[in-house]
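For reference, the chains in residue letters:
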Amino acid sequence: MTEKKKTGIKIIPSKNPMPLQDHKLRASNFDEVALGYDYETAVAEASRCLQCKNAPCSRGCPVEIDIPEFLRLAALGNFKAAISKIKEKNTLPGVCGRVCPQESQCEKDCTLGIKHQPVSIGRVERFCADFELADKEDKITNKLIPPSSGYKVAIVGSGPAGLTCAADLAKEGHRVTVFEALHVAGGVLMYGIPEFRLPKGIVEAEVKNVVDLGVEIELNSVVGRLVTIDQLLDEEGYNAVFIGTGAGLPYFMGIPGENLCGVYSANEFLTRTNLMKAYLFPQWDTPIKIGKRVVVLGGGNVAMDAARTALRLGAEESIIVYRRSEKELPARAEEVEHAYEEGVKFYYLTNPVKLLGDEDGIVSGMECLKYELGEPDATGRRSPIAVKGSEHIIEADTIVVAIGQGPNELVPMTTKGLETNKKGNIIADPETGATSRPGVFAGGDVVTGAATVILAMGAGKLGAKSIHEYLLNSKIDKPLGREGN
Amino acid sequence: MYKIIEKQIFSEVTKLLSVYAPKIAKSCRPGQFVMIRIDEKGERIPLTIADFDPEKGTISLVFQEIGKSTQQLGALEQGEFIKDVAGPLGHPTHIFDSGTVILVGGGVGVAPIYPIAREFKKAGCNVIGIIGARNKELLFWEEKMSAACNSLYITTDDGSYVRKGFVTDVMKELIEEIGKENIALIMAIGPQPMMRACCNLSKGYEIRTLVSLNALMVDGTGMCGCCRVSVGGSTKFVCVDGPEFDGHQVDWLELYRRSTYFCDEEKSAKDIYNSEKGNHACGCGGIQ
Ligand SMILES: Cc1cc2nc3c(=O)[nH]c(=O)nc-3n(C[C@H](O)[C@H](O)[C@H](O)COP(=O)(O)OP(=O)(O)OC[C@H]3O[C@@H](n4cnc5c(N)ncnc54)[C@H](O)[C@@H]3O)c2cc1C
Ligand SMILES: Cc1cc2nc3c(=O)[nH]c(=O)nc-3n(C[C@H](O)[C@H](O)[C@H](O)COP(=O)(O)OP(=O)(O)OC[C@H]3O[C@@H](n4cnc5c(N)ncnc54)[C@H](O)[C@@H]3O)c2cc1C
Ligand code: FES
């Protein structure tokens, strides 16, 4: 066992707890829930690392951060060196430290975790990132921009996939332009994940770090409408394109009543609140309307975010209605726990068949069925079976549909020779990110369907590596000349 | 930031801004729209591209001041800036040589119908235009429309200019006169009640009728579903599937309800805006 080899290292069995904002207070404000470690706690937590030579943690990380090394540096209190180590692989550490599902990645394989609690890698990562962001005097960004390679690359979408790909390519000296449809960069990090889980200031600061590498971001640029990928390649002199447009299309259930007033997709509900700051209406112009009793349909992170947001917007009751049982909830355990603490209620094994409205077309409730779990299906999840005669009505003033998102079809629709699968996801080689169209690569949610920030970043990294190789191997003309400009 | 190159005042509540947005001006086609955000705290609102000049790099937006955002927009002057303009969005109008088309613009809807008329005429169609407004004051672009159509009819609700009545009155007479089999297409753009009335009329004659729907929007890129509307019994997103739809298939009541859902909030925003500006909500500038 690793412990034996490392005699002399003291085993500290438990994680240092994360200080949280009081659960009663926090359910009525949008300030961050998890307050973050202080200096001493971060050092103490980093010191728990056993420094295993085989680093199982790093192998569990989709972007392969050298975790033992950054923890070693952090344990010495050398957070500047620690963040530099992280940034060799991860462009968005402040984001990842907050929203990554570490329990199923790096921390899952932590040696300490076999008998005790794993090192809280994410919390230390977050501290390192915040430490750097707070240190305005002495920024440790990788400002060393290498000489220009002469190649131009276009990135479509500024979510974690696009930003990571952009940063990695810029570090190789390629001239990178990111085209983003919205008025801010960051993708779901800005419009989806709420302020109380991921402060927008953190995202903005990390996006700025990418811009500091020489990456240009063109906002308000809807690729497929303002310019097509064909035009970028054939007319505007780009040598390669990476598509990271995410899974932004909200799914509805296809049951009667879904277009009643007061029924929102989770995307609309969260976009109004996060991106457009409806919780500050009327100082900010975008309104949101919320009833006393809010029902959220779904059981993933998105549903948890919507239900917790509803409380903060003033709902008296916020209820998650999920068709399977608690065990099958796809959301991260921590998010479910936080939702419970804040007072979100859960109705399991329940699903609506019809949404009901009043005479003015405003939603008033839904007709539901109770479900039982059957045998596990192909994916190993037990599928719900409706119980006969279990019809009942759940009242609601607002209903948020959070049952998933798919890819927007605009880019595939307007790009020649770009293949998609039945669900509309772009088909990309898992080894390289290459699509059916030469010179066009893709990654993130648009390829995998809705997944995670870090998987999108991993795909962005892979795309950057493949694009770099593609440019060097494919003797194409350099639009910017040999030295570039 | 997008600079306002020119401002024209059509009436107290109807204004035109010509905005420098060269990429949009180059890529847009009639029927498409933009999402604008005036400043950092602004909401994203959709406005149709009423005209565009790829050479000058400008697009024209014509709007009616009905709430806070459009009032604030109307207060901007030449040389000032709009923070965000994203587009062109939505499908362009499908324009082809289809014989005789009737294009109806009501109120501020005259603006978006204009480039469509121009292109249909260019494509070789016989373009009949009908434009209407509540009164003479509110009518604009008569000359431009005259040039873009083979024949143009005008109505005002109060009879203060040309013919008293509604656009549908003229439409009915024209259909009777020309014969429904000789009309390939009707397009109606304007306030919901006007589009609905046009559709009710043309439905009886079974003439294909397109309308440009003005649903509420948040992003305008297909990401939120706020703009959804039932067309022929299935749900469509106006921003990406439209904005033009077969008007005979549209669930107008649902559209109306959904577009007025935030009325109370919008009204309070407008009242606060006007009291901060020292204006009376009536738009009198605080004189009365
Ligand atoms: C509410 C919510 C909570 C979540 N919570 C977590 C969490 O806690 N942890 C976690 O790991 N993951 C979480 N996720 C999932 C995670 O956010 C996504 O998997 C990740 O953001 C995907 O990254 P991406 O770069 O592929 O796409 P996105 O983040 O979706 O970014 C795509 C970008 O492309 C832009 N775009 C789209 N089309 C065009 C076009 N035609 N032209 C130009 N730009 C375009 C979009 O506007 C967007 O900015 C959550 C998702 C949601 C919605
Ligand atoms: C694709 C599209 C193109 C458009 N093009 C134009 C255009 O070229 N010129 C123009 O003047 N307007 C256009 N509109 C409508 C325009 O977007 C709204 O008038 C604007 O958003 C109002 O913002 P506001 O803050 O000033 O008013 P708000 O305060 O938002 O609204 C004031 C009142 O009007 C109602 N209202 C707001 N928006 C709509 C709507 N879309 N339909 C029905 N009632 C509504 C509200 O419920 C409220 O009662 C278009 C809409 C769409 C969807
Ligand atoms: S406005 Fe958001 S999907 Fe149409």
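What counts and what doesn't
Residues numbered from 1 in each chain as written. Chains lettered and ligands numbered in written order. Predicted model: local features only at pLDDT ≥ 70, side-chain atom pairs only at ≥ 80, totals over all residues. Heavy atoms only, no water. Near = heavy atom within 4 Å. Polar contact = N/O pair within 3.5 Å; in protein donor to acceptor, adjacent residues only side chain to side chain. Areas by Shrake-Rupley, 256 points an atom, 1.4 Å probe, with all protein chains shown as cover. Helix = DSSP H or I, 4+ residues; strand = E, 2+ residues; numbered from the N terminus. Nonpolar A, V, L, I, M, F, W, Y, C, P; charged D, E, K, R; others polar. Expected span 1.5 Å × (residues − 1). Buried < 20%, exposed > 50% of the residue type's maximum accessible area, 1.4 Å probe, protein only. Pairing = 2+ DSSP bridges. Salt bridge = Lys/Arg side-chain N within 4 Å of Asp/Glu carboxyl O. Contact = heavy atoms within 4.5 Å. Buried area = accessible area lost by both parts, 1.4 Å probe. Axes fitted to C-alpha atoms, helices over the stretch in contact; angles between N-to-C directions. Parallel < 35°, antiparallel > 145°, perpendicular 65-115°, else oblique. Left-handed = near helix turned anticlockwise from the far one by under 90°.

Colleague: Provide a residue-level description of the site of ligand 1, including the pertinent values.
Modeller: Residues and elements named next belong to chain A. For ligand 1, the set of nearby residues contains 34 residues, the closest of which are Val 99, Ala 161, Glu 180, Arg 197 and Asp 445. Within the side chain of Glu 180, an N or O atom sits 2.6 Å from an oxygen atom of ligand 1. In this structure, Thr 452 approaches ligand 1 through a main-chain N or O atom, which is 3.4 Å from an oxygen atom. In isolation ligand 1 offers 1000 Å² of accessible surface; the protein chains occlude 94% of this area. At the level of elements, α10 (160-171), α15 (301-312) and α19 (453-473) are the ones that each hand at least two residues to the shell around ligand 1. No other element matches α15, which puts 3 residues into the shell around ligand 1. For the shell around ligand 1, the per-class residue count stands at 18 nonpolar, 12 polar and 4 charged.

Colleague: Describe α10 of chain A, with residues and values.
Modeller: Residues and elements named next belong to chain A. With 12 residues, α10 should reach 16 Å at 1.5 Å per residue; the first-to-last C-alpha distance of 17 Å fits that figure. Judged by how many residues are buried, α10 sits mostly within the fold: 11 of 12 residues are covered. The set of residues buried in α10 consists of Pro 160, Ala 161, Gly 162, Leu 163, Thr 164, Cys 165, Ala 166, Ala 167, Asp 168, Leu 169 and Ala 170. Gly 173, located one to two residues past α10, shows a positive phi value of around 95°.

Colleague: Describe the pairing of strand β1 (residues 2-9) of chain B, naming the residues involved and giving the relevant values.
Modeller: One face of the sheet, then the other: side chains in a regular strand alternate in exactly this way. Residues and elements named next belong to chain B. Two elements, β1 and strand β7 (residues 81-82), share 2 bridges in a ladder whose sense is antiparallel. In the strand pairing of β7, Tyr 2 is matched with Ile 82. Pairing between β1 and strand β2 (residues 14-20): 5 bridges, direction antiparallel. The partner of Glu 6 across the bridge, within β2, is Ser 18. Turn length for the β1-β2 hairpin, with the two strands adjacent in sequence and antiparallel, is 4 residues.

Colleague: Kindly report on the pattern of salt bridges, identifying the contributing residues and their values.
Modeller: Opposite charge on two side chains allows them to pair when their charged atoms are near. Residues and elements named next belong to chain A. On inspection of all chains with the given rule, the structure shows 41 salt bridges over all chains. For Glu 342, the salt bridge identified is with Arg 26, shortest N-O distance 2.6 Å. Placement of Glu 342 in helix α16 (residues 333-342) and of Arg 26 in helix α2 (residues 23-26) is noted, with a sequence separation of 316 residues between them. One exposure class covers both Glu 342 and Arg 26, and it is buried.

Colleague: Give me the lowdown on the interface of chain B and chain A, citing residues and values where you can.
Modeller: Chain B puts 46 residues into the contact, and the matching count from chain A is 43 residues. Buried area between chain B and chain A, summed over both chains or domains, comes out near 3800 Å², and the portion from carbon and sulfur atoms is 55%. At the boundary of chain B with chain A, the tally comes to 3 salt bridges. The partner of Glu 218 of chain A in a salt bridge is Lys 23 of chain B, with the nearest N and O atoms 3.0 Å apart. Linking chain B to chain A there are 23 residue pairs in polar contact (both at pLDDT 80 or more). Contributing elements (two or more residues each) for the side of chain B that touches chain A: α1 (22-27), α2 (68-74), β8 (84-89), β15 (228-231), β16 (234-237), α8 (252-259) and α9 (263-276) of chain B. Looking at the side of chain B that touches chain A residue by residue, the classes come out as 16 nonpolar, 14 polar and 16 charged.

Colleague: Could you give an account of the site of ligand 2, with specific residues and numbers?
Modeller: Residue and element names in this part refer to chain B. What surrounds ligand 2 is a group of 25 residues, the closest being Pro 46, Val 62, Thr 70, Asn 214 and Cys 263. Within the backbone of Asn 214, a nitrogen or oxygen atom sits 2.5 Å from a nitrogen atom of ligand 2. Interatomic distance of 3.1 Å between a side-chain N/O atom of Glu 266 and an oxygen atom of ligand 2. Taking 890 Å² as the accessible area of ligand 2 by itself, protein coverage stands at 86%. Counting residues per element, the ones that place at least two in the shell around ligand 2 are β4 (45-48), β6 (58-64), α2 and α9.

Colleague: Account for the packing of helix α5 (residues 67-75) of chain A against helix α9 (residues 121-134) of chain A, naming residues and giving values.
Modeller: Residues and elements named next belong to chain A. Where α5 contacts α9, the two axes come as close as 11 Å, and the packing angle between them is 60°. Considering the angle they form, α5 stands oblique to α9. As for how α5 packs across α9, the hand of that crossing is left-handed. Every residue of α9 that contacts α5 at Ile 67, Phe 70, Leu 71 and Ala 74 is listed here: Ile 121, Val 124, Glu 125 and Cys 128. Of the residues belonging to the contact of α5 with α9, the class tally is 7 nonpolar, no polar and 1 charged.

Colleague: So what about unusual backbone geometry? Which residues, and what values?
Modeller: Along the chain, Gly 87 of chain B connects to Pro 88 of chain B via a cis peptide bond; the corresponding omega equals 0°. For Pro 88 of chain B, the position within the fold is in strand β8. Here Gly 242 of chain B and Pro 243 of chain B are connected by a cis peptide whose omega angle stands at 10°. Positive phi outside glycine occurs at Ala 55 of chain A, with the angle close to 40°. Secondary-structure assignment places Ala 55 of chain A in the loop between α3 (39-46) and α4 (56-59).

Colleague: Which residues make up the sheet that holds strand β1 (residues 152-156) of chain A, and what values go with them?
Modeller: All names here are of chain A. Pairing is parallel in the open sheet, where 5 strands are placed in the order β3-β2-β1-β4-β16. Looking along the sheet, the strands with just one partner apiece sit at the ends: β3 (216-218) and β16 (440-442). Adjacent strand axes in the sheet meet at a mean angle of 20° when their direction is disregarded. Here β1 pairs with strand β2 (residues 175-179) via 5 bridges, running parallel. Residue pairing in the sheet places Lys 152 in a bridge with Arg 175 of β2. Running over the sheet, α19 touches β1, β4 (240-243) and β16 and is turned about 170° from β4.

Colleague: Quick one: what's the story with the packing of helix α14 (residues 266-275) of chain A against α15 of chain A, residue by residue and with numbers?
Modeller: Residue and element names in this part refer to chain A. Following both chains from N to C, one finds α14 and α15 inclined at 50°, their axes separated by 10 Å at the closest point. As judged from the angle between their axes, α14 and α15 are oblique. The crossing of α14 and α15 is left-handed. Along its contact with α14, which presents Ala 266, Phe 269, Leu 270 and Thr 273, the element α15 presents Val 302, Asp 305, Ala 306, Thr 309 and Ala 310. Split into classes, the residues belonging to the contact of α14 with α15 amount to 6 nonpolar, 2 polar and 1 charged.

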